[in-house]
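Now for the letters of each chain:
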Amino acid sequence: MTKGTKLLNETELLTLTEKVVNRYAYAIPKSELEDVRMGMVEKYLQQEGKIAQGFKGNSQKSTYAYAVLNRMCCSIIRQEFKHWQNTEQSNENDAAHSTSILSSAEQLLIDDEIRYLRKCITLLNDKYKAVIFIAFYFLLKARMTFISVYDKAFQEHGLLQLLNPDKVSSKGEIFENLALVQNKAEEKNVKADAVRMWLNKEMKRLIGRMNGPFGRANYNNESFQILFEYFYNKE
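As the structure is a prediction and not an experimental result, all values here were calculated from the model. (Residues numbered from 1 in each chain as written. Predicted model: local features only at pLDDT ≥ 70, side-chain atom pairs only at ≥ 80, totals over all residues. Heavy atoms only, no water.)

S.K.: Break down the overall build of the chain for me, with residues and values.
M.R.: Per the secondary structure count, the chain includes 12 helices and zero strands. Evaluated residue by residue, the chain yields a buried proportion of 41% over its 235 residues. The contacts in the chain between residues at least 6 apart in sequence include a share of 66% that link residues at least 24 apart. With an accessible surface of roughly 13,700 Å², the chain has 50% of that area assigned to carbon and sulfur atoms. (Helix = DSSP H or I, 4+ residues; strand = E, 2+ residues; numbered from the N terminus. Buried < 20%, exposed > 50% of the residue type's maximum accessible area, 1.4 Å probe, protein only. Contact = heavy atoms within 4.5 Å. Areas by Shrake-Rupley, 256 points an atom, 1.4 Å probe, with all protein chains shown as cover.)

Next comes the structure, spelled out in structure tokens:
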């Protein structure tokens, strides 16, 4: 991005910061939550130019900023961990131990959710199609791993060009392209609205399965997008 470009406006920054801090609320004393939020906002604003320049367009701006804020929050927790525990022992071994516990727990949680999402996707009737269409809806780069299974003649049909997120400028155009993809790959004649309804239904089904009948999680469209990007990049 060009120098001086902002990834987030003030409202978006505060909203994302709140979500990140809430995610780690179990590790932060209630009396310190607001200080952590403000500390993250201050850190972000101090590095805003550098953060914006690091954005390469491989994901949504909000997803990229969320990852940056996530690292900032972990950094603050590590720095303040000993102080919050009000202990006099503050040697390097203890600090390294608390850091490894936090990072390991975080990674285990993400890996568990990715595995569960993979299982939920496997249960779909058109799992490869669903992954391809959801990825394009989230403006992620097309992966031949999935496309070649969905349509063996994908090169002849020009699917990689149709699924290039850099070539679309609106949600309407996304569904127009997806309709063309489906028509070429499946020899059908569907319209963009039909694709939109199908994709919304599949995403709603996945989010419902991720949350479970007994409230195992609380995913919405935004948090599902973040998890899907983790899954997609790992695949």
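Moving on from the model shown.
S.K.: Quick one: what's the story with the layout of surface pockets, residue by residue and with numbers?
M.R.: Volume-wise, the largest pocket comes out at about 660 Å³. Lining the largest pocket are 22 residues, and of these Arg23, Tyr66, Leu109, Tyr219 and Ser223 lie nearest its centre. Within the residue set of the lining of the largest pocket, elements represented by two or more residues are α1 (10–23), α5 (92–122) and α12 (221–234). Split by residue class, the lining of the largest pocket holds 12 nonpolar, four polar and six charged. (1 Å grid on protein atoms, 1.4 Å probe; cavity = no way out; pocket = protein on both sides within 12 Å on 5 of 7 lines; lining within 4 Å. Points joined across faces, edges and corners; volume = space filled by probe spheres on them. Nonpolar A, V, L, I, M, F, W, Y, C, P; charged D, E, K, R; others polar.)

S.K.: Outline the packing of helix α6 (residues 127–137) against helix α10 (residues 171–186), listing residues and values.
M.R.: With their axes 10 Å apart at the nearest point, α6 and α10 run at an angle of 155 degrees to one another. In terms of their interaxial angle, α6 and α10 are classed as roughly antiparallel. Of the two elements, α6 crosses α10, and the hand of that crossing is right-handed. In this structure, α6 contributes Lys129, Phe133, Phe136 and Tyr137 to the contact, and α10 contributes Lys171, Ile174, Phe175, Asn177, Leu178, Val181, Gln182 and Glu186. Taken together, the residues of the contact of α6 with α10 sort by class into seven nonpolar, two polar and three charged. (Axes fitted to C-alpha atoms, helices over the stretch in contact; angles between N-to-C directions. Parallel < 35°, antiparallel > 145°, perpendicular 65-115°, else oblique. Left-handed = near helix turned anticlockwise from the far one by under 90°.)

S.K.: Provide a residue-level description of the packing of α10 against helix α11 (residues 192–211), including the pertinent values.
M.R.: It is the contact of α10 with α11, at a shortest axis distance of 8 Å, that shows an interaxial angle of 95 degrees. Classed by the angle they form, the pair α10 and α11 counts as roughly perpendicular. Listed contacts from α11 to Phe175, Glu176, Leu178, Ala179 and Gln182 of α10 are Ala192, Val195, Arg196 and Leu199. In the contact of α10 with α11, the residues fall into six nonpolar, one polar and two charged.

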